[in-house]
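# Per-entry structural report
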Amino acid sequence: QVQLVESGGGLVQPGGSLTLSCAASGSIFRIYVMGWYRQAPGKQRELVADITRGGNTNVADSVKGRFTISRDNAKNTVYLQMNSLKPEDTAVYYCNAPRVATNDAFVSAWGQGTQVTVSS
């Protein structure tokens, strides 16, 4: 019912920047929280940042001051601006919407993931 599609991943040198985008589509009435998670090889998936519909944000300490999350409610899109990237930021980044009001139910959704590799 709800699809999340990420874009913007790729290969970047240490100290570089990338912006990830995640667009939601489907029978959406309202999306509450939207967030970004990441999973590095051999590690558990972890929260990077999330944002409420009203713009309140929650950012992991490991990326605070370097990553910024934002959203466009009219476009059902969430962004992750990543600056001063480090090799330890290398991971698959997943978009998440844990509670989405559709025309007839509440659902949760995950994107398919986008690879971010930070390497020289």
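Below or above, wherever it landed, is the structure these notes cover. (Residues numbered from 1 in each chain as written. Predicted model: local features only at pLDDT ≥ 70, side-chain atom pairs only at ≥ 80, totals over all residues. Heavy atoms only, no water.)

Further remarks concern the packing of aromatic side chains. What the rule picks out here adds up to two aromatic pairs. Measuring from centroid to centroid gives 6.5 Å for Tyr32 and Phe106, while their planes differ by 40 degrees, and the two rings are tilted. On the criterion of sequence distance, the pair formed by Tyr32 in the loop between strand S4 (28-31) and strand S5 (34-39) and Phe106 in strand S11 (residues 106-110) is long-range, its members being 74 residues apart. Judged by relative accessible area, which is 30%, Tyr32 ranks as partly exposed. (Phe/Tyr/Trp six-rings, centres within 6.5 Å; stacked < 30°, edge-to-face > 60°. Helix = DSSP H or I, 4+ residues; strand = E, 2+ residues; numbered from the N terminus. Buried < 20%, exposed > 50% of the residue type's maximum accessible area, 1.4 Å probe, protein only.)

If you look at the biggest cluster of nonpolar residues, it comprises 32 residues, and the most contacted ones within it are Trp36, Leu80, Met82 and Tyr93. With five residues, strand S10 (residues 91-102) is the largest single contributor of residues to this core. Excluding its chain neighbours within four sequence positions, the residues that come into contact with Met82 are Gly16, Ser17, Leu18, Leu20, Arg66, Phe67, Tyr93 and Val116. (Core = buried A, V, L, I, M, F, W, Y, C linked by side-chain atoms within 4.5 Å. Contact = heavy atoms within 4.5 Å.)

Pairing in this open sheet of four strands is antiparallel, and the strands run S1-S3-S9-S8 from one edge to the other. Strands at the two margins of the open sheet, each flanked by one partner only, are strand S1 (2-7) and strand S8 (67-72). On average, adjacent strands in this sheet sit at an angle of 15 degrees to one another, irrespective of strand direction. Strand direction decides the pairing type here: strand S3 (residues 18-26) and strand S9 (residues 77-82), joined by six bridges, are antiparallel. (Pairing = 2+ DSSP bridges. Axes fitted to C-alpha atoms, helices over the stretch in contact; angles between N-to-C directions.)

What follows covers the pattern of salt bridges. By the definition in use, this model includes four salt bridges. Put simply, Arg38 and Glu46 hold a salt bridge, and the shortest N to O gap is 2.7 Å. Given the relative accessible area of 7%, Arg38 is considered buried. When its relative accessible area of 35% is taken as the criterion, Glu46 is described as partly exposed. Ionic pairing is found between Asp89 and Arg38, a salt bridge with its closest N-O pair at 3.0 Å. With a gap of 51 residues between them, Asp89 in the loop between S9 and S10 and Arg38 in strand S5 connect regions that are remote in the sequence. (Salt bridge = Lys/Arg side-chain N within 4 Å of Asp/Glu carboxyl O.)

On to the state of the cysteines, then. Following the criterion strictly, the structure yields one disulfide and no others. At a sulfur-sulfur separation of 2.1 Å, the disulfide partner of Cys22 is Cys95. Note on the Cys22 and Cys95 pair: the S-S dihedral is about -85 degrees, so by sign convention the disulfide is left-handed. Within this pair, whereas Cys22 is found in strand S3, its partner Cys95 is found in strand S10, the two being separated by 73 residues in sequence. (Disulfide = S-S within 2.5 Å.)

Below, the discussion takes up unusual backbone geometry. Phi angles above zero are rare outside glycine, and Asn76 is one such case at about 50 degrees. With respect to the helices and strands, Asn76 occurs in the loop between S8 and S9. Backbone geometry places Ser84, a non-glycine residue, at a positive phi of 50 degrees. Looking at the secondary structure, you find Ser84 in the loop between S9 and S10. Ser84 sits in the partly exposed class, given a relative accessible area of 39%.

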